[in-house]
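Residues per chain are reported as follows:
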Amino acid sequence: MKKLLATAMAGILAVTMAACGASEESTGGSSKSDKVLTMGTSADYFPFEYIDTKKGEDIVGFDVAIAKEVTKNLGYDLKIEDMEFGSLLGALSSGRVDFVMAGMTPTEERKKNADFTDIYFESKNLVMTKDKAISSEDELKGKKIGVQLGSIQEGLAKDRFKDSEAVPLNKIPEIIQELNTGRIDALIIEDAVAVKYMDQDASLKTYQIEEDGPAGSAIAFKKGDKMRDDFNKELKKMIDSGEIEKLAEEWFQKEAK
Ligand code: ARG
């Protein structure tokens, strides 16, 4: 127990220091030098990426911690750009960001326009309802299902729950809000992200969707970008050394924001 706490503290300290470094870098000079890589993200996804309001405007989280480590090891400084999830891959194609890290799942569709690293974290999709959990997917017939615009959850709602009405919204907290006020009947969300909302509100219930394949997160690069391979090597090192698992433990036990 003591050891766990000490490890967590050391982790938090390291991240805090790294975070300070990042904000200094992003204030000075031009946005695109050879030494700076810009990560596009959608910071509405605790604990993957979120704004630590207690500390100001900094975007922190599991993804950010991984990105900092990988870019540092490759000799780059990291700059982060926050945008809507649905705009991320467009920003990547247009060159506005160098890579995308946003708990993004490497789907076949997305692979047509982007190259992904290996998956560094696996997730499952849940149907979340208020007060009463559903007990079969049939119960969603005729219901309104909230999903994030441009996400695989939107795809799921449209392809799999054809007799339901998909309601695409921009930010995850917004979707939870719509469920709470009853404007939607259910929402689809990844298990790792659902946890914080479940902890905060016992009336939220979940049902696990039987998937055709596992969902998960990977880092996206512009098609043909060799940097993908460099990232993949670093990522693999972090997975093999247990570093990713350590970061996951650290970020997934944090107090919800
Ligand atoms: N994994 C899902 C997808 O790729 C959802 C990711 C949402 N990420 C976020 N930062 N809001 O579509």
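A quick note: this is a predicted structure, and the numbers were derived from the prediction, not measured. (Residues numbered from 1 in each chain as written. Predicted model: local features only at pLDDT ≥ 70, side-chain atom pairs only at ≥ 80, totals over all residues. Heavy atoms only, no water.)

1. Some words on the overall build of the protein chain
Line of reasoning, step 1. Along its length, the protein chain carries 9 helices and 15 strands.
Line of reasoning, step 2. When each of the 257 residues of the protein chain is scored for burial, the buried share is 47%.
Line of reasoning, step 3. By sequence separation, contacts in the protein chain at least 24 residues apart represent 73% of the contacts at least 6 residues apart.
Line of reasoning, step 4. For the protein chain, the accessible surface area stands at approximately 12,900 Å², while carbon and sulfur atoms represent 52% of it. (Helix = DSSP H or I, 4+ residues; strand = E, 2+ residues; numbered from the N terminus. Buried < 20%, exposed > 50% of the residue type's maximum accessible area, 1.4 Å probe, protein only. Contact = heavy atoms within 4.5 Å. Areas by Shrake-Rupley, 256 points an atom, 1.4 Å probe, with all protein chains shown as cover.)

2. Description of the site of the ligand
Line of reasoning, step 1. Neighbouring the ligand are 15 residues, the closest being D44, A102, R110, I152 and E190.
Line of reasoning, step 2. Interatomic distance of 2.8 Å between a side-chain N/O atom of D44 and a nitrogen atom of the ligand.
Line of reasoning, step 3. At 2.8 Å, a backbone N or O of T105 approaches an oxygen atom of the ligand.
Line of reasoning, step 4. Compared with its free state, where it exposes 350 Å², the ligand has 100% of that area covered by protein.
Line of reasoning, step 5. Those elements that place two or more of their residues in the shell around the ligand are β2 (44–45) and α5 (152–160).
Line of reasoning, step 6. Residues that form the shell around the ligand fall into these classes: 5 nonpolar, 6 polar and 4 charged. (Near = heavy atom within 4 Å. Polar contact = N/O pair within 3.5 Å; in protein donor to acceptor, adjacent residues only side chain to side chain. Nonpolar A, V, L, I, M, F, W, Y, C, P; charged D, E, K, R; others polar.)

3. Describing the pattern of salt bridges
Line of reasoning, step 1. Taken as a whole and judged by the stated rule, the model has 14 salt bridges.
Line of reasoning, step 2. Taking the shortest distance from any N to any O, the salt bridge between K130 and D201 comes out at 3.2 Å. One end of the pair, K130, is in strand β9 (residues 125–130); the other, D201, is in the loop between α7 (191–200) and β13 (204–208), with 71 residues separating them in the sequence.
Line of reasoning, step 3. Note on K130: relative accessible area 26%, which makes it partly exposed.
Line of reasoning, step 4. Close ionic contact of E243 with K246 constitutes a salt bridge, the shortest N to O distance being 3.9 Å. Placement of both E243 and K246 in helix α9 (residues 243–252) is noted, with a separation of 3 residues, approximately one turn of the helix.
Line of reasoning, step 5. By relative accessible area, E243 is classed as partly exposed at 23%.
Line of reasoning, step 6. When its relative accessible area of 43% is taken as the criterion, K246 is described as partly exposed. (Salt bridge = Lys/Arg side-chain N within 4 Å of Asp/Glu carboxyl O.)

4. Notes on the sheet that holds strand β6 (residues 99–100)
Line of reasoning, step 1. Taken in spatial order, the 5 strands of this open sheet run β5-β1-β6-β15-β7, and their pairing is mixed. The open sheet terminates on both sides in strands that have one partner only, identified here as β5 (77–82) and β7 (114–116).
Line of reasoning, step 2. Alignment of β6 against strand β15 (residues 220–222), held across 2 bridges, turns out to be antiparallel. Across the sheet, residue V100 finds its bridge partner in β15, namely A220.
Line of reasoning, step 3. Set on the sheet, helix α2 (residues 62–73) makes contact with β1 (36–41), β5 and β6; between it and β5 the angle comes to about 150°.
Line of reasoning, step 4. Across the sheet, helix α8 (residues 227–240) is in contact with β1, β6, β7 and β15; its angle to β15 comes to roughly 160°. (Pairing = 2+ DSSP bridges. Axes fitted to C-alpha atoms, helices over the stretch in contact; angles between N-to-C directions.)

5. Side note on α2
Line of reasoning, step 1. Compared with the 16 Å implied by 1.5 Å per residue over 12 residues, the 17 Å span of α2 between its first and last C-alpha is a close match.
Line of reasoning, step 2. Among the 12 residues of α2, 9 are classified as buried, and the element is accordingly described as predominantly covered.
Line of reasoning, step 3. Listed in full, the buried residues belonging to α2 are F62, D63, V64, A65, I66, A67, K68, V70 and T71.
Line of reasoning, step 4. With its phi angle positive at about 85°, G75 sits one or two positions after the end of α2. (Expected span 1.5 Å × (residues − 1).)

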